[in-house]
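Residue-level structure breakdown
What follows is each chain in one-letter form.
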Amino acid sequence: MAEPFAQPIVQHIYSLNLGPQHPSTHGVLRVLLDLDGEFIVKADPIVGYGHRGHEKMGENRAYKQFMPNTSRMDYLSGMIYNHGFALAVEKLAGIEVPLRAQYIREIRSELNRISSHLLWFGTYVMDLGGFTPFLYAFDDRENILDILDRVSGSRLTYSYCRFGGVNRDLDPNFVDTTRAFVARLRSRFPDYENMVTKNIIFINRTRDVGVITPELARQYAVTGPNLRACGIAFDTRKTEPYELYDRFDFEVPTGTRGDALDRYYVRMEEMVQSCRIIEQALDQLPDGPYRNTKVPFPLTPPKGEVYFAFESARGQAAYYLVSDGSECPYRCHIRVPSFGNLHVLTEVLRGTLVADAISILGSVDLVIPEIDR
Amino acid sequence: MGDLVGSEWFRLVIGLVIVLAFSQLNALFLVWLERKVAGHIQLRIGPKEVGPFGILQTIVDGIKLVGKELITPLSADRKLFVIAPVLVFMPVLVGFLVLPFGPDLIIRDMNLGVLLIFAFSAFTVLAILAGGWAANNKYALLGAIRSVAQNVAYEIPLLLAALSVVLMVQSMNFGQIVQAQGKIWFIFLQPVAGLIYLICATAETNRAPFDIPEAESELVAGFHTEYSGMRFGLFFLAEYTNMFIVSAVATSLFFGGWHGPFGFALGLPGVVWFLLKTYILIFVIMWVRWTFPRLRFDQLMNFAWKVMIQLALANLIATAAVLKFV
């Protein structure tokens, strides 16, 4: 006979696999959630589904052969990663870069940053259920991709930078089309504001959701807009200006609460600042050679190492290259911002709802292949 | 023979055939309309290849759905899983029986028409719960749970809003309710109830911004995650037919049914006015869907329990007081 007062074993907590195939994990992220009802007890991000061994590839090929790989890690800001890699190797080998090439790279990097933020904006609002802003953002992004495509022949994976310059000079229309695009984008911001920023449902879904405190951000090495949303004005373009960033007048937008809404504001404001940088750079764009033709071939940098940090669209990325004096780097390590940005979520997601988890995952703007690389 | 044609049964059978044909065609048309509306809102043009303006696109999609394999997950509760899509479509059909398309175009002019239509639309929840539970999938179950909570919450203000109108007419007969709006539509006398009805109706049909049960970015496809082929198609058709029904009910309760605005019919037959107003309401619901993001579940419930029900109750009491003392 069963004991009259035996308590039934009730299991409240069950686990749910969010991903790797899920409409809003954007890529192959898998988050193992332990749920109590719809509340998250524990969130465990599992990465590595997109591992392609980019770092090892970097150690097995000549410096310039690694250039195509660099735009395939963070495929949404490929130009910025190209740019960073070129800068790292130039620093390692001591290569001079003509002024025009520097301007070209920088304009394109900022355009790439805007395109990345636009894509984030669209997909984020789509994660929250608003499908229409997504297509508006993609319409604008398409213009950027056209501009970038016309010069480098590629929409996402540019491989446009070369050590000591760029692959090709700008096409004759570049300056005009870019100016027209910036003007057009400026006119679109009020649309976005009316459609999304002021939308009460959007604000309810994001305000005080997924708060990353400054302490937490430091612990997990969160960088980029996610860090700036907590109120820390850390932007590699300002704190350690590389290329020509110290020549331009731009601000580093910051938030106060560190929630998803602040991350949204920061990214939207960053697009405005990137527009400012692009306009200034277009005004100053000098004539001259677009490439240093005296770069030795094959390129064998002297023995030594370099750690070069730059600001990608998602935060601080960096290349660490060790040269043993041969054609290939002895060690090639890449620091990617998404790694820290993802793993802080183990703490942030605890105690939130599944619906919030989607909102938070979207708000930190992850690119999973960058983490897996 | 004359007996047969005039008999109630004959009327019912003919009515059902017409309803079946109409509801299917209407759903196909609405899917096409939704895609067109969404397209134009989103700087696209929507389907355009199959047939003129792409109008045959949904028919082709339907044929594709019919041709697909009906997958039943191994761990599913087979009987319930198979019956749920049928259950979801059945109450929708019943709703058509009492809708007043025109002065003489009511299949069954019942005295309890309003009650019948709301009672049967509440039945949909059962089907959704059955489908979500039977699939034995966590996403589907979560979607089903959400759906039940949401529908129960929004049914109350929905009924209270409809009750205000019923109080004014002193009848639950759709024909009489529409007749009472010959000159002034009830939306002008009962603006609060009308608004509450529209909001709750959107929630009842699980349309954005209340599409929590099938929130695709969270729950993949919600309660119908595991359904494929025409079983999925039935859920899909039921959603659009449901949308037609709530809009048609709104038209008859608040927007004067078959009457033209302010008693001017402008020479158009009643059924044209009725359908015109219904499709305009459907367009509004679509417009809302493609404009707003989705609410969070707890916010949605708070909105229902803390705002809508209070408002609807206050409106009902005010209506009763005015009717009693004025």
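In short, a report on the structure. (Residues numbered from 1 in each chain as written. Chains lettered and ligands numbered in written order. Predicted model: local features only at pLDDT ≥ 70, side-chain atom pairs only at ≥ 80, totals over all residues.)

**Focus on the overall build of chain A**
A count of helices and strands for chain A gives 15 helices and eight strands. At 22 Å, chain A has a C-alpha radius of gyration in line with the 21 Å of a compact globule built from 373 residues. Summarising its shape, the C-alpha atoms of chain A cover approximately 90 × 50 × 35 Å along the three principal directions. When the 373 residues of chain A are sorted by exposure, 50% land in the buried category. Here the contacts in chain A between residues at least 6 apart in sequence split such that 71% fall between residues at least 24 apart. (Helix = DSSP H or I, 4+ residues; strand = E, 2+ residues; numbered from the N terminus. Rg over C-alpha atoms; globule rule 2.2 N^0.38 Å. Buried ≥ 20, exposed ≤ 12 C-beta atoms within 10 Å, placed from the backbone. Contact = placed C-beta atoms within 7 Å.)

**Let's talk about the overall build of chain B**
A tally of regular secondary structure across chain B gives 13 helices and zero strands. When its helices and strands are written in sequence order, chain B yields α-α-α-α-α-α-α-α-α-α-α-α-α. A compact globule built from 326 residues would reach a C-alpha radius of gyration of about 20 Å, and chain B, at 20 Å, matches this within 12%. Each of the three principal axes of chain B carries a C-alpha extent, and together these read 60 × 55 × 45 Å. The proportion of buried residues among the 326 residues of chain B is 46%. For chain B, restricting intrachain contacts to residue pairs at least 6 apart in sequence, the fraction spanning at least 24 positions comes to 79%.

**What about unusual backbone geometry?**
Residues and elements named next belong to chain A. The step from Phe-297 to Pro-298 runs through a cis peptide bond, and the omega angle for that step is -5°. Relative to the elements of secondary structure, Pro-298 occurs in the loop between α11 (260-284) and β6 (304-312). Positive phi is not limited to glycine here, since Asp-208 has a value of about 60°. Mapped onto the elements of the fold, Asp-208 is located in the loop between α7 (200-206) and α8 (214-219). Accessibility expressed as a C-beta count within 10 Å gives 12 for Asp-208, which makes it exposed.

**A closer look at the interface of chain A and chain B**
On the side of chain B, 24 residues touch chain A, which itself brings 25 residues to the contact. Sorting the residues of the side of chain A that touches chain B by element identifies α4 (99-127), α5 (132-152), α7 and α14 (354-363) of chain A as the ones contributing at least two each. For the side of chain A that touches chain B, the class distribution of residues is 14 nonpolar, seven polar and four charged. (Nonpolar A, V, L, I, M, F, W, Y, C, P; charged D, E, K, R; others polar.)

**A look at the sheet that holds strand β1 (residues 13-18) of chain A**
Residue and element names in this part refer to chain A. Sheet architecture is open: three strands sit in the order β1-β2-β3, paired in antiparallel fashion. Every other strand in the sheet has two partners, leaving β1 and β3 (39-46) as the edge strands with one partner each. Neighbour-to-neighbour, the strand axes of this sheet turn through a mean angle of 20°, independent of strand direction. (Pairing = 2+ DSSP bridges. Axes fitted to C-alpha atoms, helices over the stretch in contact; angles between N-to-C directions.)

**Some details on the pairing of strand β7 (residues 315-323) of chain A**
In summary, the side chains of a regular strand alternate between the two faces of the sheet. Residue and element names in this part refer to chain A. As paired elements, β6 and β7 share nine bridges and run antiparallel to each other. Bridge pairing in β7 places Phe-310 opposite Ala-317. Linking two consecutive strands that pair antiparallel, namely β6 and β7, is a turn of two residues. Across six bridges, β7 lies against strand β8 (residues 329-335) in antiparallel orientation. Across the sheet, residue Tyr-319 finds its bridge partner in β8, namely Ile-334. Linkage of β7 to β8, two consecutive antiparallel strands, is achieved through a turn of five residues, within which Gly-325 is found at a positive phi near 85°.

**Side note on the sheet that holds β8(A)**
Residue and element names in this part refer to chain A. Strands sit in the order β6-β7-β8 across an open sheet of three strands; the sheet is antiparallel. Among the strands making up the open sheet, the edge pair consists of β6 and β8. Each neighbouring strand pair of the sheet contributes to a mean axis angle of 10°, computed without reference to strand direction. Sitting on the sheet, helix α3 (residues 78-93) touches β6 and β7, and the angle it makes with β6 is about 155°.

**Some words on the packing of helix α2 (residues 8-41) of chain B against helix α4 (residues 78-96) of chain B**
Residue and element names in this part refer to chain B. Two numbers describe how α2 lies on α4: the axes approach to 10 Å, and their chain directions differ by 115°. As α2 packs across α4, the resulting crossing turns out to be right-handed. The residues of α4 that touch α2, namely those facing Val-19, Leu-20 and Ser-23, are Val-92, Leu-93 and Phe-96. (Left-handed = near helix turned anticlockwise from the far one by under 90°.)

**Brief notes about the nonpolar core**
Among the nonpolar cores identified, the biggest contains 183 residues, and Tyr197(B), Cys200(B) and Ala250(B) are the most heavily contacted of them. For this core, the leading source of residues is helix α11 (residues 229-254) of chain B, giving 14 residues. (Core = buried A, V, L, I, M, F, W, Y, C linked by C-beta atoms within 7 Å.)

**Section: the environment of Phe283(B)**
Residues and elements named next belong to chain B. Relative to the helices and strands, Phe-283 resides in helix α12 (residues 270-289). Look at Phe-283 and you get partly exposed, because 14 C-beta atoms sit within 10 Å. Along the primary structure Phe-283 and Glu-34 are separated by 249 residues, whereas in three dimensions their C-alpha atoms are 8.1 Å apart.

**Notes on the environment of Phe39(A)**
All names here are of chain A. Within the secondary structure layout, Phe-39 lies in strand β3. For the pair formed by Phe-39 and Phe-234, sequence separation is 195 residues and the distance between their alpha carbons is 33 Å. Non-local contacts of Phe-39, meaning those with residues more than four positions away in its chain, are made with Gly-351 and Leu-353.

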